[in-house]
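Given next are the chains, with one letter for each unit.
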Amino acid sequence: MADYKIRAHHGMCLFYFQGKGYSGEFVENMTKMKEIMGTNPRITLLGQTDDICRRCPSNIEGCCESAEKVARYDRGVLERTGLREGDELKWDEFEKLVIENILKVNKREEICGDCQWSSICI
């Protein structure tokens, strides 16, 4: 069983995270999650709220206020990496797939270019 549950699109968010976010609580949790991912835990890929969303002010009782938009981001990441919701793997494996299949080939903006944080993802 995986140690952490991670939305697929958060593979890109964690790569570009710069200590900015929706709230102080969110930034603190995201910083902690980025540190944890650095230890290469097993993760389960989700298409719903995850361990990062836990402290997001847009997470209302386990549902994201932008559910349709972020689900589209998740689908884009899963399609590009050849993975599926529910897949379990080590963080490093997932991160490598995201980097090689999305970031290095300039597909990030195609997946989540309408995100309010897109301007820091360079």
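Described in the following lines is the structure provided in the data block. Since this is a predicted model, take the numbers as computed values, not measurements.

1. Section: the pattern of salt bridges
Argument step 1. All told, the structure shown has 5 salt bridges when counted by the stated rule.
Argument step 2. Across the salt bridge formed by Glu 110 and Arg 80, the nearest N and O atoms sit 3.0 Å from each other. On the criterion of sequence distance, the pair formed by Glu 110 in helix 5 (residues 108-112) and Arg 80 in helix 3 (residues 67-81) is long-range, its members being 30 residues apart.
Argument step 3. When its relative accessible area of 33% is taken as the criterion, Arg 80 is described as partly exposed.
Argument step 4. Note that Glu 110 and Lys 107 form a salt bridge whose closest N and O atoms lie 3.6 Å from each other.
Argument step 5. Several salt bridges share partner residues, and in doing so they unite Arg 80, Lys 107 and Glu 110 into one network.

2. Let's talk about the packing of aromatic side chains
Argument step 1. This model, assessed by the stated rule, comprises 4 aromatic pairs.
Argument step 2. Look at Tyr 22 and Phe 26: their rings are 5.0 Å apart centre to centre, the planes differ by 80°, and that puts the pair in the edge-to-face class.
Argument step 3. The exposure class assigned to Phe 26 is buried, which follows from its relative accessible area of 7%.
Argument step 4. Taking the centre distance of 5.5 Å and the plane angle of 90° together, the rings of Tyr 22 and Trp 117 count as edge-to-face. Here Tyr 22, found in the loop between helix 1 (10-16) and helix 2 (24-37), pairs with Trp 117, found in the segment after helix 5; they are 95 residues apart in sequence, far enough to count as distant.
Argument step 5. Exposure remark for Tyr 22: the relative accessible area of 35% places this residue in the partly exposed category.

The rules behind the values
- Residues numbered from 1 in each chain as written.
- Predicted model: local features only at pLDDT ≥ 70, side-chain atom pairs only at ≥ 80, totals over all residues.
- Heavy atoms only, no water.
- Salt bridge = Lys/Arg side-chain N within 4 Å of Asp/Glu carboxyl O.
- Helix = DSSP H or I, 4+ residues; strand = E, 2+ residues; numbered from the N terminus.
- Buried < 20%, exposed > 50% of the residue type's maximum accessible area, 1.4 Å probe, protein only.
- Phe/Tyr/Trp six-rings, centres within 6.5 Å; stacked < 30°, edge-to-face > 60°.

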